[in-house]
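As a plain string of letters, each chain reads:
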Amino acid sequence: MEAVKTQDISVNDLAWKIEYHADRCTMCGSCVASCSFKAIKVETQAQSIVVSTDSQPKPEHRHVARPIIKQVASLTDFCRGCGMCEKVCPNNAIHPVRNPDSRKTLLSKDAGPIKRGGRTNLNAQRTLDSIIVGRISQMTDPSLDAARHTFDIRSPFGRVLSAKELPFQMKDGKMVMATKTPPVNWIYPLIFSDMSIGALSTRAWEAVALACAYLNEKCGLPVRMSSGEGGMPVKLMESDYLKYFILQIASGHFGWNRIVKAIPHMVTDPAGVLIKIGQGAKPGDGGLLPAAKVAEHVQAIRGVPKATLSSPPNHQGLYSIEESVQKMHLSLNAAFGFRVPVAIKCAASATSVSVYNNLLRDPYKICGGFFIDGIQGGTGAANEVSLDHTGHPVVSKIRDCYLAAVKQGLQGQIPLYGGGGIGMTGNAAADAFKMMCLGANGVFVGKVLIQLLGCVGNEQGRCNSCNTGKCPMGICTQDPRLVKRLDIDKGAQKIVDYVLAFDAELKKLMAPIGNSSIPVGRSDALVSTDKAIADKLGIQYVC
Amino acid sequence: MCRIGSIKSKVPVHPSKALHLMLPQQEGHDNSGFAMVMQDLYGIFSTYKDKPLLSMACTQKGNQMVEEYMDSHNFVQLAEWIPVPNKEPGLDIQAMPYYVFRNYDFPEHYNELSQKEKEDVLLNTRLALRKLLEDAGEGYVYSFWPDVLTLKEIGDPRDIATYFHLWEDNGCLSAKNIVVQCRQNTNYDIVRYAAHPFFLQGYTLCANGENTFYTKNKEFQKSLHRGYIGFESDSQCFLYTLHYVLHELKWPINYYKHVITPLPFEEIEKREDKDVLTAIRQSLAHLEINGPNTIIATLPDHRMITCCDSKKLRPVVIGQDENTVAIASEVCGLNEIMPDRDMTKDIYPNEREVIVIDNELEVQRWKQ
């Protein structure tokens, strides 16, 4: 007993405990080999056992030394509950079990604040689940047929002018455009959110990109994908597929050296540019790519040495929103000849309406979209205190911004996109539909996509290890051995199938309310079983 | 669902013809009200065609309030028709004490005003009168415009017609354009303002259907124009959009359909004018109408139009004889008032068509 101190870490201090059945274990070693966190190890254990080998019972007491699988009691090499051991075990001999008595959060601050990936584990409330599509066409007007009617599921991405500002002139009895208007692309209202090459493995990023291209080329759904902060492969930028991508510029400007150099060689325009000001998962923080993930190809794309890449919290040189509009929006618009819409992404905040008002009133009419990212958004790496304790839910924020525009008669002029927790419970279509009824033009999803690729992380503390470079699914890692676990084609297929189902489900929701085009702002179609939510969002309370 | 109808004629038509157009369709409506707007008036109003005509239903006090307001704003009363009702017992009508149809002359100093300024004065006056009577609960002002008469009431349209002597053509009331509907509001509260046709600055419109984009239409229209008020019925949105596109934006009539039922993006892409159509669709996305509808409207120049929703979920038919074109939800209405017309020439417009009837009764039929 003297060898054990009360400050020593035991397995019971950790968030997950390994349940191991030595009697089923064949000692194949697969679990240990597959555990990227080194949370289990092979150990020899002295055992006192009774055996009987004769045809008649003849118990015999033996002392043996046997190899077993044992959980490591460590605050660095700890089990994340990913379940890879269980996945590879041929005999169901091992699996992780959640430990309700965990003391890990308390104890593991020896090396400073806890960092992790994933999304908030504290504020995963589901406002959208207490909202129901409750205005169903019954007799007053017919419901549509989701399977047979045609639906026009498209959303604007770009700065929309008011009708009075349209430069129409009459020519032979018809109106024609006298001058250019800001570029607007009509896209599918589901955007693949910004996850960089670096945060994601090359294979994972490629799978998402492949799915995006397939949905466009084979399924006729103009889904767009944001590159994330970290650039894109030059070959892709110089290909025709660039038109499916929204280039992101964030505070670190990573990857833009290559993007700028590629501009003269681009054969088509990108779908848009997204200026990332903030991120819902860690508002006020810049991007963070731990050195463990800055592999050679990431260094090459971003033009950096192997080091932890901390993007600053702000775009340096921008001190006010006016400057942001004048400097960043104008220069990025100019970079692509004013042919490519430039949008902005902010973390949802108590100030979001002020930001939106500023953008709506900007005299250049140059902001092509306002992306609001809620607290339930994911990240590859952040301080846990930021993930769990900073941020703002997105649902009411989208509503607030939409109503602020309504008040001024400016709704629809700067498209609103909401993200952060869309699809958290598996049904992104229902979430998207409700967000659109509340005023969003569309939604963006990230976490859902990597979950389709195999990510098992969730908001109950499972895995959340995207920051370690040891992602057991080969998604958020640059370790070639781990990356190989991910099958690009299968991953892309999962995403394509999900989006096709999303499209069918969206129609299943549009049909009963009798709409063939997206019901942006149709708050009358929603009801809530929660009075507070109904009051806040201005929808009917029902019980 | 409502039934709607209209008559456009080379010779002035008495309202009883409009009633005959509507009554055979009564299985579709519910005889809960009667509303009509007459434009290009003859009979007792023919002398004052260029003078604004006030149409209202009110109490005695309401009438006094209006008179005081008009006096204080220097409008000069020229002529007045207060129908003497037939108050026989048993009539199904929730009548107001007074129905006033009164011509005014503009205040003298308004003569220098431009046409647009005069239009604004008329609208502002109607809005002010409406507010006056609404706040006091003393009546309803339906229209204040030259050569336009509006009558609306709650009850059985046959009894309402009896009450106002509309079955008897004594020559005092007729018009070349009548838009009519025989039902009170059905989805929302029964208030007289909710019964279509609706009227705004020369534009009259009634609609048969459901506007499932009512909320977003309404939220947008409220900020577009001071005259876009009330919203007692989701059909008012159609009128306001018509007024906005033609009167405010001054776009040709062809573009109205592109606003309320825009083409799908795939079809826009194939069009030569795709840049214009796309710009319209994105700038006026909140004026799109989604849901089953048929619209009948009269424009300030008295052209009459009709069109349907993009899925053709509501019916409409146009029939014509030598002197008259009539539009109705159901063909039985046309058969009643023009049984001898050539039925093979009846038009059943499709979901992408707009029908425009000019004052020579030439029927234009064009694709969106």
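Residues numbered from 1 in each chain as written. Chains lettered and ligands numbered in written order. Predicted model: local features only at pLDDT ≥ 70, side-chain atom pairs only at ≥ 80, totals over all residues. Heavy atoms only, no water.

**Concerning the overall build of chain A**
(1) Moving on: On a plain count of helices and strands, chain A comes out with 16 helices and 23 strands.
(2) Moving on: Taken over C-alpha atoms, the radius of gyration comes to 26 Å for chain A, in line with the 24 Å a tight globule of 543 residues would show.
(3) Moving on: Dimensions along the principal axes, computed over C-alpha positions, put chain A at roughly 105 × 60 × 45 Å.
(4) Moving on: Here chain A holds 543 residues, and the buried ones make up 56% of them.
(5) Moving on: Considering only contacts within chain A whose residues lie at least 6 apart along the sequence, 76% involve residues at least 24 apart.
(6) Moving on: Summing over all exposed atoms, chain A offers an accessible surface of approximately 23,000 Å²; the carbon and sulfur share of this is 53%. (Helix = DSSP H or I, 4+ residues; strand = E, 2+ residues; numbered from the N terminus. Rg over C-alpha atoms; globule rule 2.2 N^0.38 Å. Buried < 20%, exposed > 50% of the residue type's maximum accessible area, 1.4 Å probe, protein only. Contact = heavy atoms within 4.5 Å. Areas by Shrake-Rupley, 256 points an atom, 1.4 Å probe, with all protein chains shown as cover.)

**A word on the packing of helix H2 (residues 60–72) of chain B against helix H3 (residues 115–136) of chain B**
All names here are of chain B.
(1) Moving on: Between H2 and H3, whose axes approach to 10 Å, the crossing angle comes to 145 degrees. In the crossing of H2 with H3, the sense of the turn from one axis to the other is right-handed. Contacts between H2 and H3 involve Gly62, Met65, Val66, Tyr69 and Met70 on the former and, on the latter, Thr125, Ala128, Leu129, Leu132, Leu133 and Ala136.
(2) Moving on: Across the contact of H2 with H3, the residue classes break down as 9 nonpolar, 2 polar and no charged. (Axes fitted to C-alpha atoms, helices over the stretch in contact; angles between N-to-C directions. Left-handed = near helix turned anticlockwise from the far one by under 90°. Nonpolar A, V, L, I, M, F, W, Y, C, P; charged D, E, K, R; others polar.)

**Topic: the interface of chain B and chain A**
Accessible area lost on assembly of the parts is the figure often given for the size of an interface.
(1) Moving on: Facing 35 residues of chain B, the contacting portion of chain A comprises 42 residues.
(2) Moving on: For the pairing of chain B and chain A, the buried interface totals around 3,100 Å² over both sides, and the portion due to carbon and sulfur atoms is 58%.
(3) Moving on: The three residues of chain B that bury the most area against chain A are Glu219, Phe265 and Gln282 of chain B, which together make up 18% of that side's buried surface.
(4) Moving on: When the shortest N-O distance is used, the salt bridge between Asp152 of chain A and Arg281 of chain B registers 2.4 Å.
(5) Moving on: In this assembly, chain B and chain A are joined by 14 residue pairs in polar contact (both at pLDDT 80 or more).
(6) Moving on: The set of elements that each furnish at least two residues to the side of chain B that touches chain A consists of helix H5 (214–221), helix H6 (236–248) and helix H9 (274–283) of chain B.
(7) Moving on: Looking at which element gives the most residues to the side of chain B that touches chain A, the answer is H9 of chain B, with 8 residues.
(8) Moving on: Split into classes, the residues belonging to the side of chain B that touches chain A amount to 16 nonpolar, 10 polar and 9 charged. (Buried area = accessible area lost by both parts, 1.4 Å probe. Salt bridge = Lys/Arg side-chain N within 4 Å of Asp/Glu carboxyl O. Polar contact = N/O pair within 3.5 Å; in protein donor to acceptor, adjacent residues only side chain to side chain.)

**So, the sheet that holds strand E4 (residues 76–81) of chain B**
Residue and element names in this part refer to chain B.
(1) Moving on: Ordered by their spatial adjacency, 4 strands build an open sheet running E4-E5-E3-E6, and the pairing between neighbours is antiparallel. Sheet topology places E4 and strand E6 (139–146) at the edges, where each strand pairs with a single neighbour. Ignoring which end each strand starts from, the neighbouring axes of this sheet average 25 degrees apart.
(2) Moving on: Sheet topology places E4 next to strand E5 (residues 98–105); 5 bridges connect them, and they run antiparallel. Directly across from Glu80, in E5, lies its bridge partner Arg102.
(3) Moving on: Of the strands in this sheet, strand E3 (52–58), E5 and E6 are in contact with H2, which crosses E5 at around 10 degrees.
(4) Moving on: Along the sheet, H3 makes contact with E3 and E6, crossing E6 at roughly 170 degrees. (Pairing = 2+ DSSP bridges.)

**A few points about the domain arrangement of chain A**
Residues and elements named next belong to chain A.
(1) Moving on: Examined at the domain level, chain A breaks down into domain 1 (11–112) and domain 2 (143–516).
(2) Moving on: Using only C-alpha atoms to locate each centre, domain 1 and domain 2 end up separated by 42 Å.
(3) Moving on: Contacts between domain 1 and domain 2 engage 13 residues on the former and 15 residues on the latter.
(4) Moving on: Summed over both sides, the interface between domain 1 and domain 2 buries roughly 1,000 Å², with carbon and sulfur atoms accounting for 51% of that surface. (Domains from an automatic or database assignment.)

**Some words on the pattern of salt bridges**
All names here are of chain B.
(1) Moving on: If you walk through the whole model with that rule in mind, you get 45 salt bridges over all chains.
(2) Moving on: Two residues, Lys49 and Asp40, come together in a salt bridge whose shortest N-O distance is 2.6 Å.
(3) Moving on: Under the relative-accessibility criterion, Lys49 is labelled partly exposed at 25%.
(4) Moving on: Relative accessible area serves as the criterion here: at 11%, Asp40 is assigned to the buried category.
(5) Moving on: Ionic pairing is found between Arg226 and Asp120, a salt bridge with its closest N-O pair at 3.4 Å.

**Describing the packing of aromatic side chains**
(1) Moving on: Within this structure, the stated rule accounts for 26 aromatic pairs over all chains.
(2) Moving on: On the numbers, 6.2 Å between centres and 75 degrees between planes, the contact of Phe75 of chain B with Tyr104 of chain B is edge-to-face. Of this pair, Phe75 of chain B sits in the loop between H2 and E4 while Tyr104 of chain B is found in strand E5, placing the two residues 29 residues apart along the sequence. One exposure class covers both Phe75 of chain B and Tyr104 of chain B, and it is buried.
(3) Moving on: Centre to centre, the rings of Tyr228 of chain B and Tyr240 of chain B are 4.8 Å apart; their planes meet at 20 degrees, and the pair counts as stacked. Residue Tyr228 of chain B is found in the loop between H5 and H6, and its partner Tyr240 of chain B is found in helix H6; the two are separated by 12 residues along the sequence. Each of the two residues, Tyr228 of chain B as well as Tyr240 of chain B, counts as buried.
(4) Moving on: Seen from the ring of Phe78 of chain A, Lys104 of chain A lies directly overhead, with NZ or CZ sitting 4.2 Å from the centre.
(5) Moving on: The ring centre of Tyr42 of chain B lies 4.1 Å from the NZ or CZ of Lys49 of chain B, which sits over that ring. (Phe/Tyr/Trp six-rings, centres within 6.5 Å; stacked < 30°, edge-to-face > 60°. Lys NZ or Arg CZ within 6 Å of the ring centre and 35° of its normal.)

**Considerations on H9 of chain B**
(1) Moving on: Burial of H9 of chain B is extensive: 8 of the 10 residues sit out of reach of the surface.
(2) Moving on: Those residues of H9 of chain B that sit buried are Val276, Leu277, Thr278, Ala279, Ile280, Arg281, Gln282 and Ser283 of chain B.
(3) Moving on: As for H9 of chain B, its buried residues are in contact with strand E8 (168–171), strand E9 (174–177) and strand E10 (184–187) of chain A together with H5, helix H7 (254–260) and helix H8 (265–269) of chain B.

**Here we look at the pairing of strand E14 (residues 324–328) of chain B**
All names here are of chain B.
(1) Moving on: Among the 5 residues of E14, 5 are classified as buried, and the element is accordingly described as predominantly covered.
(2) Moving on: Where strand E1 (residues 4–13) meets E14, 5 bridges bridge the pair, whose relative direction is antiparallel. Counterpart to Ile7 in the pairing with E14 is Ala326.
(3) Moving on: As judged from the 4 bridges shared by strand E13 (residues 317–320) and E14, these two strands associate in the antiparallel manner. Note on E14: the bridge partner recorded for Gln320 is Val325.
(4) Moving on: Hairpin connection, E13 to E14: the antiparallel pair is bridged by 3 residues.

**A closer look at the sheet that holds strand E11 (residues 190–192) of chain A**
Residue and element names in this part refer to chain A.
(1) Moving on: Pairing within the closed barrel is parallel, and its 8 strands lie in the order E11-E12-E13-E14-E17-E18-E20-E21. Between one strand and the next, the sheet's axes are offset by a mean angle of 30 degrees, whatever the strand orientation.
(2) Moving on: Relative to strand E20 (residues 416–419), strand E18 (residues 370–373) runs parallel, the two being bridged by 4 bridges. Bridged to Phe370 within E20 is Leu416.
(3) Moving on: Here helix H8 (residues 321–335) sits on the sheet in contact with strand E13 (245–249), strand E14 (272–276) and strand E17 (342–347), set at roughly 135 degrees to E17.
(4) Moving on: The sheet strands contacting helix H11 (residues 395–408) are E18 and E20, and the helix crosses E20 at an angle near 170 degrees.

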